[in-house]
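Summary of structural features
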Amino acid sequence: MQGNPVFMERAIALATENVTSKRGGPFGAVIVRDGEIVATGANLVTATNDPTAHGEIVAIRNACTALKTFQLSGCHIYTSCEPCPMCLDSTTPFSMKR
């Protein structure tokens, strides 16, 4: 898949803002469906004391809430860096495109 640099830039901006604000690590994610941003997320592990609150997982949770479904088929995820195994595996059951 050829990615859209605008969405990648948004993921990087989220990561940068997250570090600048001291909320968490330099990890941001954007979930897109039909060319529109559905949800975003940034790493909140230290802010929430939740070891699963990686940027990608936060974005997936926000997308599910926004779309009122756990099925994220047709969505694409843009991340500020290579996803860890947990985050990568989290995109598979929902048929998200990477």
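Residues numbered from 1 in each chain as written. Predicted model: local features only at pLDDT ≥ 70, side-chain atom pairs only at ≥ 80, totals over all residues. Heavy atoms only, no water.

Topic: helix α1 (residues 5–20)
- If you check α1, its first and last C-alpha atoms are 22 Å apart, about what 16 residues at 1.5 Å a residue would give, namely 22 Å.
- Check the buried side of α1 and you find it contacts β1 (28–33), β2 (36–42) and β3 (75–79).
- Capping the start of α1 is the job of one residue whose side-chain oxygen sits 2.8 Å from the backbone nitrogen of Val6: Asn4.
- Within two residues after α1, Lys22 carries a phi angle of roughly 65°, on the positive side. (Helix = DSSP H or I, 4+ residues; strand = E, 2+ residues; numbered from the N terminus. Expected span 1.5 Å × (residues − 1). Contact = heavy atoms within 4.5 Å. Polar contact = N/O pair within 3.5 Å; in protein donor to acceptor, adjacent residues only side chain to side chain.)

What to know about the state of the cysteines
- Tallied over the entire structure, the rule returns 0 disulfides.
- Free cysteine: Cys75, not disulfide-bonded; nearest cysteine sulfur from Cys64 at 8.5 Å.
- Note on Cys75: relative accessible area 0%, which makes it buried. (Disulfide = S-S within 2.5 Å. Buried < 20%, exposed > 50% of the residue type's maximum accessible area, 1.4 Å probe, protein only.)

Notes on the nonpolar core
- With 11 residues, the main nonpolar core is built from Ala29, Ile31, Val38, Ala39, Ala59, Ile60, Ala63, Cys64, Leu72, Cys75 and Ile77.
- Elements that contribute at least two residues to this core include exactly β1, β2, α3 (55–67) and β3.
- Of all the elements, α3 adds the most residues to this core, at 4 residues.
- Of all hydrophobic cores here, the second largest spans 6 residues; its members include Phe7, Ala11, Val30 and Val32. (Core = buried A, V, L, I, M, F, W, Y, C linked by side-chain atoms within 4.5 Å.)

With respect to the pairing of β1
- Most of β1 is tucked away: 5 of the 6 residues are buried.
- Bridging between β1 and β2 involves 6 bridges; their strand directions are antiparallel. By the bridge assignment for β2, Arg33 is matched with Glu36.
- The hairpin formed by β1 and β2 contains 2 residues between the paired strands, and Asp34 there has a positive phi angle of roughly 55°. (Pairing = 2+ DSSP bridges.)

That's the geometry; what it means functionally is another story.
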